[in-house]
Structures are given as structure tokens and as C-alpha cells.
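Listed below, chain by chain, are the residues.
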Amino acid sequence: MVPAELTLPLAGSPSRGDPWPPGRAKRLSKKPGSTMLSVFCEQVESLYPHPGWVELDPEVLWSHFVGVIKEAVQAAGLHMRQIAGLGISTQRATFITWHKRTGKPFHNFISWQDLRSAELVNSWNKSLLLKVIHVIFTVLHFLTGNDRYLAPSFLTFSTQQTSMKLSWVFKNIHEVKAAKKNNCCFGTVDTWLLYRLTKGSVYATDYSNASATGVFEPFTKCWNPTLCNLLSIPMSIYPSVKDTSFNFGSADSEIFGAPIPIMAVVADQQSAMFGECCFHPGDVKLTMGTGGFWNVNTGGHLFASRSGLYPLIGWKIGEEVVYLTEGCMSDIGTAIKWAQDINLFTNVDETAKMARSIVDSQGVCFVPGFQVSVNDPYLCASFMGLKPSTTRNHLVRAILESIAFRNKQLYDIIVKKVRIPLQTIRADGGVSNNSFVMQMTSDLINKKIEKPANADMSSLGAAFLAGLASGFWTDKEQLKKLRRIEAVFEPQKDSEEYRPAMDTWLQATKRSLHW
């Protein structure tokens, strides 16, 4: 066990909710009071081999992952033998397949942002078979009242889902088709890292990562055979699913010079939820990083998908299973990083001041659409309402306003569809450091929003989960005492004051659809 003055290190691969750059490996070391000993980051560059394709090189990700752990331990003045355990928080829905016997990947990681399955998605969503499925499950839900049948009654596929991209892989990559019966392994980033850390002895994932693939059935807590048969994906390729806070085995001693117990594996958004201590039904977490994610703790009740909200397993610890409802939006940090790349500003810290230096955006609207729209993969990113008097400040303000407007949209859907009184709203992710976005969001939803001192809640959540598994912390009450709030944003303006600007933005969004 680690000495008393030390706590759990954790390592994370690229995270959807992290601030830009979109791919990175990170590792932190912490003390018992949740004091950070060291942080080390390494960017994992995304690859764009074809228009709309987004990939990560598995060997680059692996080398960066190992490297940041070694660097952070060294920077903290620690030795690997002092490490009590490892918690791994990873980007969700990004996946890879590899040969079971050789361990050799069949292709690069295919990112959650990848659009290669767009035509397949459109074909399925327009198909007669999907309409028949809707009718069958609508009848079943009517007759039984079981919410398990509600989600398939209006099932639609999206490019974000692992299922459609995995179906594309089996249709288009010959090596995968040849190996699929007995020798093909499928894994999201966490599974691949576990496999590599243990030199092939552990082939597993956890419930939070599995439930985010779109192939795992959260009601039955198993891989969905019906969907796999529908998409011609063999059931033999999937890893076993374990608890989130769990002893997964140890990293091979050859990797770090000492065997390190792997005590937690968790998806990034669920990990951020845990790090924010959103342990009770109605607790809300808003992550604004590369993408944006609203998560609501629904306790032991699983709400079926509807109106852009999706059910997830938050975490499973022993007999406890906590469910979440999630709404997501793309291109938050991505849009800000793009604006920086084209020299709209030099440092992201300038953007809030730039936005406040003008009264409004002068009618300029920004519609995000660089990567993925859940409802329309052909949404066009655009500026509208440009004038000769438009300045950089107007463009930056329009980008930041678009984030707040989309936060308002998702919040309204959650209030309408989630039948649980909403409690505390806690924000994290790199964009939560932007006071303009935070204040405008608070004004629009008419709720106070807490921002923690440490915006990287995904890493902290993995540490908490690993600490519980190893006995470093005994219960969640101890974790709550470690929370540190840096700022609280309370409504300062009536949301109706934003109505004209939001109506204009909604009109611009409609004109960017189906490009």
C-alpha cells in the first residue's frame, strides 16, 4: 500500500470532454487531500486520412500514455513502487480492432468524431426495416409499459455511435472480415490500454465505457445480440465487462519497472461526474471541452433515449449501479481552437474580455459543425450576418454565444424530459474557465453553476474510483470533503434579454442544415 502522504496516480488517454487539443495523454499524482503533486500532458495528434475520417495511431497513443506516467511520477519525486494504484479515464466510443493471437491492430483507432459511416447511417435511418422495428417496439411498449422497449421504438443511428462505424469496418476491411469468427478483438481505448498494460492477459472493459458504445444494452447490462445480428457484427469480438471500481490486475513490471495495480477503468464523462461528486439523483454535470456534455444522475432508474438524450451507466461499484441521462454537443473546444489557429486571438484567456468589450455580436452568428452533429452529419459550420463593421471581437463573441445557446437548448430538453428535480449544476472542462460562457449560460438557464478549482474532473474521478477500490478512501462522504469550488456563477440578467439574439442564431442554424 502507498505511504500515507501519497495518494493515487491516475492516467488518462484522450478525452472528449477535455479542452483542446482534441487528443492527449495525461497523468496526475495526488495527495490524500486531493492536492496535485504533478501533471504531465502529451498531445496525441489526430489523423485525417480522408475527408471526414478521424483516427489516432495506436502506437503513438500507447507510447505517449506510458511516457506521461513515467514523467509525472518522476516530476512528483516518487518511485513506481510507491504507487498504490492506477485509475484510467478514457475517451469514449473511439475504438480499434486487433488480432486476438498476435495482438496486431487491423487499423488505427477510429475516433468518435469520425464521419465515415455517414452514408451507412443515412441508409439505415431511411430503411423500411428500421420503420418496422419502430412499429414492433412501439406496440411492445404500449402492451407492457416497459421502458426497455421505448428506446428501440424510435431508434435512429448516428455517426457518433460505435455500432455503425464497427459495421463499416466489417464491411470494408478485409483483414477484419477474415478474422471475425475466432480471432478478432474489439476494444475502446480503455480495453486496448488494459490489454497492452497486462501484455494480453486482461481483455475487459467497464460498464461506463461499454454503455457509451451504442452496442451495449444498459437495461440488460450485456452486449446487444439483436443489434449485432442486425448489423452483421459477431458477438465473439466483445470484451468482458467489469465493475468500474475494480482490481483489473497489474501493469506488467517490465513497463514501469514495478507492477502497478489497475484499480479503476472509467469513461471520461462518467469519470468527470464522479469527480464532481454528483452522487445523488438530480445532480447535474456540465463538461465543456472538445465537446459539450450535460449529464444528469438518475439514480437507479434508467430513462430510455428520447429527444437527443441517451441513457448511460454512470458507474457500477459492487451492487450499486448508477444511471445517467446524457445530452451532448460537438465542436466547443474544437471551434475555439480553430479560431485561435486562424489568429482571431492569441491566447484563449483573452476571449472572455474580447466578448465583453462589445455590447453584442452585431447580428453575427456562428454555427458549429466541424466534426459531428448527432442529428445532421452534413451540418455546415458557418458565420452568418457578417458586415463591413464586423471585427474579431464580434466573431469571437459569436463563437462563445453559440456555446451558451446550445447549453440552453440541451438544458431545456433535460428539464422537459427527465422526470427528476434537478439539483446542483457543476461545470468542468477547459471552456468552463471562460467566465463569459459560464455567466451567459447561468443567465439563460436561470440557475447557479458551480465551477471547481480543478477543471479536469475526469482525471480526479478516476483517482477517486481507484482510491475506493484500493481502500485508500472508504466511502463517498470522504470524497465530498475534498471538493474545492473556485467560483459560483449566478443569474445576473433575465434570459428574455437574450431572446432576439438566440432567435437569430436558431435561424442561422436552420440555414446550415443538410449542406
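What counts and what doesn't
Residues numbered from 1 in each chain as written. Predicted model: local features only at pLDDT ≥ 70, side-chain atom pairs only at ≥ 80, totals over all residues. Heavy atoms only, no water. Axes fitted to C-alpha atoms, helices over the stretch in contact; angles between N-to-C directions. Helix = DSSP H or I, 4+ residues; strand = E, 2+ residues; numbered from the N terminus. Parallel < 35°, antiparallel > 145°, perpendicular 65-115°, else oblique. Contact = heavy atoms within 4.5 Å. Nonpolar A, V, L, I, M, F, W, Y, C, P; charged D, E, K, R; others polar. Left-handed = near helix turned anticlockwise from the far one by under 90°. Buried < 20%, exposed > 50% of the residue type's maximum accessible area, 1.4 Å probe, protein only. Core = buried A, V, L, I, M, F, W, Y, C linked by side-chain atoms within 4.5 Å. Patch = residues over 30% accessible without salt bridge, like charges linked within 9 Å, V, L, I, M, F, W, Y side chains within 5 Å. Areas by Shrake-Rupley, 256 points an atom, 1.4 Å probe, with all protein chains shown as cover. Salt bridge = Lys/Arg side-chain N within 4 Å of Asp/Glu carboxyl O.

Q: How should I be thinking about the packing of helix H2 (residues 118-125) against helix H5 (residues 162-172) in this particular structure?
A: Helix-helix packing: each pair is described by the crossing angle between the helix axes and the interaxial distance. One can describe the packing of H2 onto H5 by two numbers: an axis separation of 9 Å at closest approach and a directional angle of 110°. In this view, H2 runs roughly perpendicular relative to H5, as classed from their interaxial angle. Of the residues in H5, those in contact with Leu120, Val121 and Trp124 of H2 are Met164, Ser167, Trp168 and Lys171. Here the contact of H2 with H5 is built from residues that sort into five nonpolar, one polar and one charged.

Q: In this structure, what is going on with the packing of helix H1 (residues 58-75) against helix H7 (residues 189-197)? I would like to understand it.
A: Running from N to C, H1 and H7 cross one another at 65°; their axes reach a closest spacing of 11 Å. Classed by the angle they form, the pair H1 and H7 counts as roughly perpendicular. Of the two elements, H1 crosses H7, and the hand of that crossing is right-handed. In this structure, H1 uses Pro58, Glu59, Leu61, Trp62 and Phe65 to contact H7, whose residues at the interface are Val189, Trp192, Leu193, Arg196 and Leu197. Considering only residue class, the contact of H1 with H7 consists of eight nonpolar, no polar and two charged.

Q: Any chance you could explain H7 here in plain terms?
A: Helical geometry: 3.6 residues make up each α-helical turn, so side chains three or four residues apart lie on a common side. Of all nine residues in H7, eight are buried; the element is thus mostly enclosed. Turning to H7, its buried residues are Val189, Asp190, Thr191, Trp192, Leu193, Leu194, Tyr195 and Leu197. Just downstream of H7, Lys199 is the residue with a positive phi angle, here 50°.

Q: How should the nonpolar core be read in this particular structure?
A: Buried together is how nonpolar side chains tend to be arranged in soluble globular proteins. Counting 68 residues, the largest nonpolar core has Leu197, Tyr238 and Phe256 as its most contacted members. Counting 50 residues, the second largest nonpolar core, distinct from the first, contains Ala339, Phe345, Ala352 and Phe405.

Q: Would you mind showing me how to read a nonpolar patch on the surface here?
A: Taken together, the side chains of Leu128, Leu129, Val132, Ile136 and Leu140 make up a nonpolar region of the molecular surface, amounting to roughly 420 Å² of accessible area. Mapped onto the secondary structure, Leu129 falls in helix H3 (residues 128-144). You can call Leu129 partly exposed: its relative accessible area is 39%.

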